[in-house]
Amino acid sequence: MVTVRAPATSANLGSGFDVFGAALDRPADVVRVEKADRTTIDVTGYGSEFIPEDPADNTVGAVAEALDAPAHIRIDKGIRPSSGLGSSGASAAAAAVALNELYDRGLSRKELVPIAGKGEATVSGEVHLDNVAPALLGGFTVATGRDVTTVDADIPLVACLPEIAISTRDARDVVPAGATMEQLVYTVGRAATLTTGMCRDDPRLVGKGMHDRLVTPARADLISGYDEVREAALDAGATGVTVSGAGPGVIAACYPEDRRSIAAAMVDGFGEVGVDSRAYQTKIGRG
Ligand code: HSE
């Protein structure tokens, strides 16, 4: 039997739609695999009632098939599905690492990225690597096509998850089809600022670089209380706030001493509109 823990991740980080990703120190999924004649899947934990156990519909089923590695797979969810915290990507990444070891396939973490990406496509309908890359490799990741680069950044974060669910497919339907030159220039500037901040472990630059005028406003409209939560987090000292992945999670960058008060402020912000939420005081972590 092989057991692997894979972290939650936050994709996009505002200005890096479908490109940027970050591994979070917590929460995480745990996947256990044992050799079997055919693949079976059991899911327990946070939100497990919403996850199909049929291998044809589950993110890890496609991973087992791609690695030709039939197994009995147990997934213990610490990351709620449809959260914007890379729930399906974490399960796919953990299964890829575990099955690679169980069957001695000898693939590197980098080589497992597109395999885990196939698993995630089962859920989101498209292959994008901005969640599975940080789940496997850790740190801050930049995924362009099949190329992934990583930075071992040390940035404190708060991720706040409201008790509402948004599917990635629905959140992708509201993404604008095009951009003006002004929006493009703004986005490139912010993305470059964020990347510089990651390379320098500078929460101020990372927070500034999270600001996005293109994709985030359309998605924020799907999240009740987003404006209240953003204001509350900024008032409590956050250096930047944006939608985490496809939402409804909201993520803030900050200095370590402000993390606790930002977490409380974000939960209060959702509370103002009658939405329950839980906040994770976290930071960029390992894959
Ligand atoms: N980049 C993707 C999106 C991540 O924002 O739709 C969600 O899985």
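Scroll up to find the structure this text is about.
Treat the numbers as computed from the prediction; the structure is a model and nothing was measured.

J.: A description of the packing of helix H9 (residues 226-235) against helix H10 (residues 259-272) should follow, citing residues and the corresponding values.
T.: At a minimum axis distance of 8 Å, the contact between H9 and H10 shows a crossing angle of 155°. Considered as vectors, H9 and H10 are oriented roughly antiparallel to each other. Once H9 is placed against H10, the crossing between them reads as right-handed. Taken together, the residues of H10 that come into contact with H9 (itself represented by Glu228, Val229, Ala232 and Ala233) are Ile262, Ala265, Met266, Gly269, Phe270 and Glu272.

J.: If you had to explain the site of the ligand to someone new, which residues and values would you point to?
T.: Around the ligand sit 13 residues in total, of which Asn12, Asp18, Asp130, Arg172 and Arg219 are the nearest. Within the side chain of Arg172, one N or O atom sits 2.6 Å away from an oxygen atom of the ligand. Burial of the ligand by the protein amounts to 96% of the accessible area it has alone, namely 260 Å². More than half of the atoms of the ligand fall within 2 Å of the grid points belonging to the largest pocket. Among the residues forming the shell around the ligand, the class breakdown is three nonpolar, five polar and five charged.

J.: Please set out the layout of surface pockets residue by residue, giving values where relevant.
T.: Its boundaries defined by the atoms lining it, the largest pocket holds a volume of some 710 Å³. Along the walls of the largest pocket sit 43 residues, with Pro81, Ser82, Ser88, Val123 and Thr168 positioned nearest its centre. The set of elements that each furnish at least two residues to the lining of the largest pocket consists of strand S4 (71-77), helix H2 (87-102), helix H3 (109-124) and helix H5 (168-173). Per-class residue counts for the lining of the largest pocket are 14 nonpolar, 18 polar and 11 charged. Each pocket or cavity is described by its volume, and for the second largest pocket that value is around 190 Å³. Pro217, Ala220, Tyr226, Asp227 and Arg230 are, among the 16 residues lining the second largest pocket, the residues nearest its centre. Counting residues per element, the ones that place at least two in the lining of the second largest pocket are helix H8 (216-220), H9 and strand S8 (240-243). With four residues, the top contributor of residues to the lining of the second largest pocket is H9. Here the residues of the lining of the second largest pocket sort into six nonpolar, five polar and five charged.

J.: Outline empty space enclosed by the protein, supporting the account with residue identities and numerical values.
T.: Per the stated rule, a full pass over the model turns up one cavity of 30 Å³ or more. Here the largest cavity is characterised by a volume of approximately 60 Å³. What lines the largest cavity is Asn12, Gly14, Phe17, Val215, Thr216, Arg219, Thr242, Val243 and Gly245. Among the elements of the structure, H8 and S8 are those that each provide at least two residues to the lining of the largest cavity.

J.: Which residues make up the packing of helix H1 (residues 59-66) against H2, and what values do they have?
T.: Where H1 contacts H2, the axes come no closer than 8 Å and their chain directions differ by 30°. Considering the angle they form, H1 stands roughly parallel to H2. Our pair here, H1 against H2, has a crossing hand that is right-handed. Only Ser88, Ser91, Ala92, Ala95, Ala96 and Leu99 of H2 make contact with H1, whose side of the interface consists of Thr59, Val60, Val63 and Ala64.

J.: How would you explain the environment of Pro176 if you had to name every residue and give the values?
T.: Take Pro176: it is sitting in the loop between H5 and helix H6 (181-200). On the basis of relative accessible area, Pro176 is assigned to the partly exposed category, the value being 35%. C-alpha of Pro176 to C-alpha of Val215: the two residues are 39 residues apart in sequence and 6.7 Å apart in space. Apart from the residues lying within four places of it in its own chain, the contact partners of Pro176 are Leu214 and Val215.

J.: Provide a residue-level description of unusual backbone geometry, including the pertinent values.
T.: Between Arg26 and Pro27 the backbone carries a cis peptide bond, its omega angle lying at 0°. Tracing the backbone through its elements, the reader meets Pro27 in strand S2 (residues 20-35). Residue Gly247 is joined to Pro248 through a cis peptide bond whose omega torsion reads 5°. Within the secondary structure, Pro248 sits in the loop between S8 and strand S9 (250-253). The backbone of Asp18 sits at a positive phi, close to 65°, despite the residue not being glycine. The residue Asp18 is located in the loop between strand S1 (2-11) and S2 in this model. Of note in this structure, Asp201 is not a glycine but carries a positive phi near 50°. With a relative accessible area of 37%, Asp201 lands in the partly exposed category.

Criteria and cut-off values
Residues numbered from 1 in each chain as written. Predicted model: local features only at pLDDT ≥ 70, side-chain atom pairs only at ≥ 80, totals over all residues. Heavy atoms only, no water. Axes fitted to C-alpha atoms, helices over the stretch in contact; angles between N-to-C directions. Helix = DSSP H or I, 4+ residues; strand = E, 2+ residues; numbered from the N terminus. Parallel < 35°, antiparallel > 145°, perpendicular 65-115°, else oblique. Left-handed = near helix turned anticlockwise from the far one by under 90°. Contact = heavy atoms within 4.5 Å. Near = heavy atom within 4 Å. Polar contact = N/O pair within 3.5 Å; in protein donor to acceptor, adjacent residues only side chain to side chain. Areas by Shrake-Rupley, 256 points an atom, 1.4 Å probe, with all protein chains shown as cover. 1 Å grid on protein atoms, 1.4 Å probe; cavity = no way out; pocket = protein on both sides within 12 Å on 5 of 7 lines; lining within 4 Å. Sits in = over half its atoms within 2 Å of the grid points. Nonpolar A, V, L, I, M, F, W, Y, C, P; charged D, E, K, R; others polar. Points joined across faces, edges and corners; volume = space filled by probe spheres on them. Buried < 20%, exposed > 50% of the residue type's maximum accessible area, 1.4 Å probe, protein only.

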